[in-house]
Amino acid sequence: MATWDYTKVKMIGSGTYGKVYEVTKDKKTYALKKIFNEDYDTDGFDDTTLREIDIILRANHPNIINCKAWHIKKDILYLIMDKADYDLNDWVNNMPDKHCVNTFKKYAFGILCGLKYLHDNKIIHGDIKPENMLIFDSTKSIQLADFGLLVHHYPGKKIPSTYNYSQWFRPIDLMMKN
């Protein structure tokens, strides 16, 4: 699938490294993550971008977002992924079925399964927060996303510093070291 074959519907999010758009192709809806590379003329894409690409292209787990297609044009990387209906933060704050115990259990189990998959593969997500947990209504499933701060961790390797984690969701053991 070529990126330019998608029709942009609207912007649905933005962050430090880029923007996310709702796009369509062949009557299907996707999310297009557009990652800007400000260092294009010098070093290519930064480590953060490369780590994210690596995991979403290699991950093979129902609770980890994966990449359907990708394309690089000049200093912009385009990633096509399934479009979620909302993230966990939106679900907790706005959805009428949020008090359904079975749905909550299913999402909690999905999050834990996704984290187990990452940890079994020696990956620390680094940015676990409700906004990075995407919910799909059609399957009542949840997927972990946004892997820009991930860290590969191997036995004997020093535990990463707090720099590698979202400032608001750092592991308590790393916060206590400071």
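Residues numbered from 1 in each chain as written. Predicted model: local features only at pLDDT ≥ 70, side-chain atom pairs only at ≥ 80, totals over all residues. Heavy atoms only, no water.

So, helix α3 (residues 101–120)
Quick reminder: α-helices carry 3.6 residues per turn. Residues three or four places apart thus point the same way.
Part 1: Between the first and last C-alpha of α3 there are 28 Å, a value that for 20 residues agrees with the 28 Å anticipated at 1.5 Å per step.
Part 2: When α3 is considered as a whole, its buried residues turn out to be Thr 103, Tyr 107, Gly 110, Ile 111, Gly 114, Leu 115, Tyr 117 and Leu 118. The buried residues of α3 occupy an angular sector of 155° when the element is viewed end-on, so they sit on one face. Of the exposed residues in α3, those oriented more than 90 degrees away from the buried face are Val 101, Asn 102, Lys 105, Phe 109, Leu 112 and Lys 116.
Part 3: Where α3 is buried, its residues meet α1 (47–58), α2 (88–94), β7 (123–124), β8 (133–136) and β9 (141–144).
Part 4: Immediately downstream of α3, the backbone of Lys 122 shows phi near 60°, a positive value. (Helix = DSSP H or I, 4+ residues; strand = E, 2+ residues; numbered from the N terminus. Expected span 1.5 Å × (residues − 1). Buried < 20%, exposed > 50% of the residue type's maximum accessible area, 1.4 Å probe, protein only. Arc of directions from axis to C-beta. Contact = heavy atoms within 4.5 Å.)

Structural notes on the packing of aromatic side chains
Part 1: Scanning the model with the defined rule gives two aromatic pairs in all.
Part 2: Taking 5.8 Å as the distance between ring centres and 90° as the angle between the ring planes, the aromatic pair formed by Tyr 6 and Tyr 30 counts as edge-to-face. Of this pair, Tyr 6 sits in the segment before β1 (7–14) while Tyr 30 sits in strand β3 (residues 28–36); the two residues are 24 residues apart in sequence, bridging distant segments of the chain.
Part 3: Tyr 6 sits in the buried class, given a relative accessible area of 9%.
Part 4: Tyr 30 sits in the buried class, given a relative accessible area of 10%.
Part 5: Lys 8 extends its terminal NZ or CZ atom over the ring of Tyr 21, reaching a point 4.2 Å from the ring centre.
Part 6: The ring of Tyr 6 carries Lys 25 above its face, with NZ or CZ at 5.1 Å from the centroid. (Phe/Tyr/Trp six-rings, centres within 6.5 Å; stacked < 30°, edge-to-face > 60°. Lys NZ or Arg CZ within 6 Å of the ring centre and 35° of its normal.)

Some remarks on the sheet that holds strand β5 (residues 76–82)
Strands belonging to one sheet form pairs held by backbone hydrogen bonds; the direction of such a pair is parallel or antiparallel.
Part 1: If you trace the five strands from one edge of the open sheet to the other, you get β1-β2-β3-β5-β4, paired in antiparallel fashion. Each of the sheet's edge strands pairs with one partner strand only, and the pair in question is β1 and β4 (67–73). On average, each strand axis in the sheet is inclined to that of its neighbour by 25°, with strand direction left out of account.
Part 2: When β1 meets strand β2 (residues 18–25), the two strands line up antiparallel, connected through six bridges. Residue pairing across strands places Gly 13 opposite Val 20, the latter belonging to β2.
Part 3: Each of β3, β4 and β5 touches α1; the most contacted strand, β5, lies at about 30° to it. (Pairing = 2+ DSSP bridges. Axes fitted to C-alpha atoms, helices over the stretch in contact; angles between N-to-C directions.)

Here we look at α1
Part 1: The end-to-end C-alpha distance of α1, which contains 12 residues, comes to 16 Å, matching closely the 16 Å that a straight helix rising 1.5 Å per residue would cover.
Part 2: Three or more residues of α1 are buried, namely Thr 48, Thr 49, Glu 52, Ile 53, Ile 55 and Ile 56.
Part 3: In this structure, the buried side of α1 is in contact with β3, β4, β5, α3 and β7.

Considerations on the pairing of β3
Note on strand geometry: in a regular strand, side chains alternate between the two faces of the sheet.
Part 1: The sheet contact formed by β2 and β3 spans eight bridges and is antiparallel. The residue of β3 that forms the bridge with Tyr 21 is Leu 32.
Part 2: Counted between consecutive antiparallel strands, the loop separating β2 from β3 contains two residues, among which Asp 26 sits at a positive phi close to 50°.
Part 3: In this structure, β3 lies alongside β5, joined through seven bridges in antiparallel fashion.

Notes on the pairing of β9
Part 1: Both faces of β9 are covered, namely the face carrying Ser 141 and Gln 143 and the face carrying Ile 142 and Leu 144.
Part 2: Both β8 and β9 contribute to a ladder of four bridges, which runs antiparallel. Bridging from a neighbouring strand, Phe 136 pairs with Ser 141 of β9.
Part 3: Hairpin remark: β8 followed by β9, antiparallel, with four residues in the connecting loop; positive phi at Lys 140, about 50°.

Here we look at the sheet that holds β8
Part 1: Pairing is antiparallel across the open sheet formed by three strands, whose spatial order is β6-β8-β9. The sheet terminates laterally at β6 (86–87) and β9, the two strands that pair on one side only.
Part 2: Helix-sheet contacts for α3 involve β8 and β9, and the interaxial angle to β9 is about 35°.

It is worth stressing that arrangement in space is one thing and function is another; only the former is reported here.
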